[in-house]
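The residues making up each chain are set out below.
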Amino acid sequence: MTYLAKPRLHHPSLPHNALGYTRRDYEGRISTLCAGCGHDSISAAIIQACWELDIEPHRVAKLSGIGCSSKTPDYFLGNSHGFNTVHGRMPSVLTGANLANRALLYLGVSGDGDSASIGLGQFAHVMRRGVNMVYILENNGVYGLTKGQFSATADKGSASKKGVANADSPIDTASLALLMGATFVARSFSGDKGQLVPMIKAAIGHQGAAFIDVVSPCLAFNNHPGSTKSYDYVRDHNEAVNFLDIIEGRPEITTDYAAGTSVDVVQHDGTIIRLRKAAADYDATDKVSAMNYIQKHHALGEVVTGLLYIDNQSTDIHANLNTVATPLNALTEKELCPGSAALAKLNASLR
Amino acid sequence: MKSITATNDFVIKFANVNGSGSASANELFAKSILRMGVPVSPRNIFPSNIQGLPTWYEVRVNEAGWLGRRGGVDLMVAMNPQTWDNDLKEIETGGYLFYDNSKEVAPEKFRDDIHVIGMPLTSLCNASYGDPRQRQLFKNIIYIGALSILLEIEEEAIAQLIAEQYKGKEKLLTPNLNALKIGRDYARENLQHPIGLRVRRADNVGDKIFLDGNMAAALGCVYGGASVCAWYPITPSSSLAEAFQRYCSKFRVDPETQQNRYAIVQAEDEIAAIGIVMGAGWNGARAFTATSGPGVSLMTEFLGLAYFAEIPATIINVQRGGPSTGMPTRTQQADLIACAYASHGDTKHVLLFPEDPTECFEHAVAALDLADRLQTPIFVMTDLDIGMNQRLCEPFSWDDSRTFDRGKVMTREMLDAGRDFGRYLDVDGDGIPYRTYPGTHPTMGGYFTRGTTKNARATYSEAGPDYLYNMQRLQRKFDTAKTLVPQPVLRKASTPARTGVIYYGSTSPAMAEAIGELEARGLVLDLLRVRAFPFGEPVVDFVSSHDEVFVVEQNRDGQLRTMLINELGVDPARVIPILHYDGTPITARFITQAISEMMRALHIDARKTGKVA
């Protein structure tokens, strides 16, 4: 947006979290995206979620591919290590990073060109493997950096800025993530911070592959009438199945909900996700009916948002590979190298 | 009729059908000769197939210890009717044919200048075994038994190997020993023996070990501390990743928790494999992938990023004939240029050239150290000939005081002590910057990793001077690499030579043998075995101190020669290509003939007259 340097000073009355950090400590460089870009709202939501959860910024690794969305990790968590990888291949780099050190929080940021086109294969396989991560797809249905081509998530019949209708069927990444075995699947809208922040917090608490598809309108190329990824369209067709409250190991909050309208899900880290139901018959723990629901409502032109699916018994790639608790990058010669005596034995067996 | 007679110096070739269980019997044959103290070098010649297509196993028996392929066949064990005609053609005049005569073979199918030894293998099997699979498997052991009589291989050497193989599996041990006896008894009673080819006990094996290069490289990755392996199946490298898995199961399981000190991922493709390796390398774990040419092609975008972002990665390329639909089961050294300059932009990568399994082990360890030290991808350029054939080689050794060289890593303590950190800052003048592992320090040492658009402190920058700074530093780093990689091995002729030979990798055993023959012909040549790219001073000196240098390679285009010309500015007229690339391993015969002819054609008098340069 601007080349102006961000002032380091901040208002002394900004609130501090348990680590003594203000929200400003979770910010990054100033965004270079267009004014009003949905992606900046997502960055703000990530900052808010990490600040609220008292996450140490340096214990987060943020990885991305290529595209407008993939630039955003530079704009939040400035004290975290970031890795801007190649187009569509963030999932594999994140997988390797996660294998090397299971103790960090892995945040993958991608776009629809990145994840649904060039990187569809890696997107599918990272879900299959249950890599413990928060994967946020900033979905605007369009290639922004190359100026307005349709992406694979653009709805069939949706019009480009120049008025051309998209003829290809869309890829619904939330449905695909469900199918591939992601154990936390959600969808939100960059214009709905109230829904997005607790959703990111819930995803961070999840052990396993957590995926959030965030519809994030592109003001420059995909915010016109006829687009199904515009602010107006998504506001008019947003069908939330539930709303989340995150309860962190504190005594239960006692907001009253009518019986049967909320359900609590306890996460591995002890936090509780309280799901306030918006669609009375929606069960976020039932994968098959979740898929049906998403497809049915998509056919009606609606954008289903909320926590779509959660598997509370999820495991992750480290459990599957039975790796040691110590991060692999902290193992030394002592644990890794069998030494000369073992080698002498081996030599003997090869004669 | 002429008869080839030779003791401890002949070639035997087994023509089999893939999937018939011949591989383990043939290996038993080769090892039994090793146990008699006589060096052997076996080679698998196999199709891209699991069952039904022809496969061959060629064993060179050579007391002098020459391990290169010789060429020509003295004894053919023809067990595959499909390939009969061609198999017979390969036998040298006066050589021997051993075949199954259970069914009559038409007389015109034979040659009259070779010795024919027929044995009713199928009939013997059918008489002894009811089960069809047993008939098939034991037929192989029966012919090994017969060969042991014909060639005078000690029964005890074979029996001992069978006993070791089936230790604790009595059910399998006894029938195998019986089959061996059936073969020996029949041959002793019915065949003229011994034939002109003999094995006689010697003492030329010493403490050498016998294994394939893929196993050795996998073991090197274990010893070198690789804890993450990501790979995609591709011949001829798949057995490397599988061997790593086996060695890890043996050496890398925490005895208390039974949990693994390693992670192996079979990725969805080679792109993901190198991506995983890079993610792990970025995050401070030693990681590698094993692949072959087509896999490297898929990895090239990532390799460029690894070069510019300076991420350690080890890639073991078991080279084969390219491209993807080419000769996946044949050997070549044809990926040098593809690897040395892999990716877009100005990229250059470090390559290592192991000559045998021992060096596969050593170079795998070295590559993991170099990757961390230089913060860049390191290729170990082995090939099918080394990777998938068992080779007699020096035993592995390990110094327990050896530590991993993790390179320049800035720790939390160093940051707290006020050390200046700039991710791409050249503080020591060697072009190698410091890095931090993610998660090191709450407020210092964090940085954003990306390709080229950055300054020395890893801040986004598209400014020309920042780009130049990094590119020139990377060039400096590549120069530093020259002194860190395995140095070339020089073999000077006994008298001063004005002509030299450069060679590398799996050409080594053939070259070692050829030089003796060349010298016997009065040709005096200095040899330099290049073990790495970039080329350092010893290579420059070698080229400049000889009038002509032959560059012996197993590819069509003289790829190492091109790199010598490109990197050292050598006059192309002075580097003469000697190229072998039909998919079979290069032979001493080929090298001797090619160099002799070329020297004659060029009127090179190899002896140095006057002063030595």
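Here the structure is shown first, and the text comes after it.
First things first, this report covers the structure right here in the doc.

## With respect to helix H19 (residues 588-601) of chain B
Residue and element names in this part refer to chain B.
- If you check H19, its first and last C-alpha atoms are 20 Å apart, about what 14 residues at 1.5 Å a residue would give, namely 20 Å.
- Turning to H19, its buried residues are Ala-588, Phe-590, Ile-591, Thr-592, Ile-595 and Met-599.
- The secondary structure elements touched by the buried residues of H19 are helix H16 (508-520), strand E22 (548-553) and strand E23 (575-579).
- Positioned one or two residues after H19, His-603 has a phi angle of 55°, which is positive.

## Some words on the nonpolar core
- Among the nonpolar cores identified, the biggest contains 269 residues, and Ile200(A), Leu308(A), Val228(B), Val277(B), Leu351(B) and Leu352(B) are the most heavily contacted of them.
- When near neighbours in sequence (up to four residues on either side) are disregarded, Val277(B) contacts Gly96(A), Val228(B), Ala230(B), Ala287(B), Phe288(B), Thr289(B) and Ala313(B).
- Counting six residues, the second largest nonpolar core, distinct from the first, contains Phe150(A), Ala154(A), Cys218(A) and Phe221(A).

## Side note on the interface of chain B and chain A
- Between chain B and chain A, the contact holds 54 residues from the first and 47 residues from the second.
- The set of elements that each furnish at least two residues to the side of chain B that touches chain A consists of strand E9 (209-212), helix H7 (213-223), strand E10 (228-231), strand E11 (263-266), helix H9 (270-282), helix H10 (293-309) and strand E17 (448-449) of chain B.
- Considering each element in turn, the side of chain B that touches chain A owes the most residues, nine residues, to H9(B).
- Per-class residue counts for the side of chain B that touches chain A are 32 nonpolar, 15 polar and seven charged.
- In this structure, strand E2 (residues 81-84) of chain A lies alongside E17(B), joined through two bridges in parallel fashion. Along E17(B), the bridge assignment pairs Phe83(A) with Thr449(B).

## Focus on the sheet that holds strand E2 (residues 9-17) of chain B
Residue and element names in this part refer to chain B.
- Sheet architecture is open: six strands sit in the order E3-E4-E2-E5-E6-E7, paired in mixed fashion. The strands lining the two open edges of the sheet, one partner per strand, are strand E3 (40-45) and strand E7 (115-119). The mean angle between the axes of side-by-side strands here comes to 15°, regardless of whether they run parallel or antiparallel.
- Strand direction decides the pairing type here: strand E6 (residues 91-100) and E7, joined by five bridges, are parallel. Note on E7: the bridge partner recorded for Asp-100 is Met-119.

## Remarks on the sheet that holds strand E20 (residues 526-529) of chain B
Residues and elements named next belong to chain B.
- The sheet built from five strands is open, its strands ordered E18-E20-E19-E22-E23 with mixed pairing. Of all strands in the sheet, those bounded by a partner on one side alone are strand E18 (489-491) and E23. Along the sheet, successive strands turn relative to each other by an average axial angle of 20°, direction set aside.
- In this sheet, E20 lies alongside strand E19 (residues 499-503) in parallel orientation, the contact comprising four bridges. Each bridged residue has a counterpart across the sheet, and for Ile-502 the counterpart in E20 is Leu-528.
- Across the sheet, H19 touches E22 and E23, and the angle it forms with E23 is around 145°.

Reading guide: rules and limits
Residues numbered from 1 in each chain as written. Chains lettered and ligands numbered in written order. Predicted model: local features only at pLDDT ≥ 70, side-chain atom pairs only at ≥ 80, totals over all residues. Helix = DSSP H or I, 4+ residues; strand = E, 2+ residues; numbered from the N terminus. Expected span 1.5 Å × (residues − 1). Buried ≥ 20, exposed ≤ 12 C-beta atoms within 10 Å, placed from the backbone. Contact = placed C-beta atoms within 7 Å. Core = buried A, V, L, I, M, F, W, Y, C linked by C-beta atoms within 7 Å. Nonpolar A, V, L, I, M, F, W, Y, C, P; charged D, E, K, R; others polar. Pairing = 2+ DSSP bridges. Axes fitted to C-alpha atoms, helices over the stretch in contact; angles between N-to-C directions.

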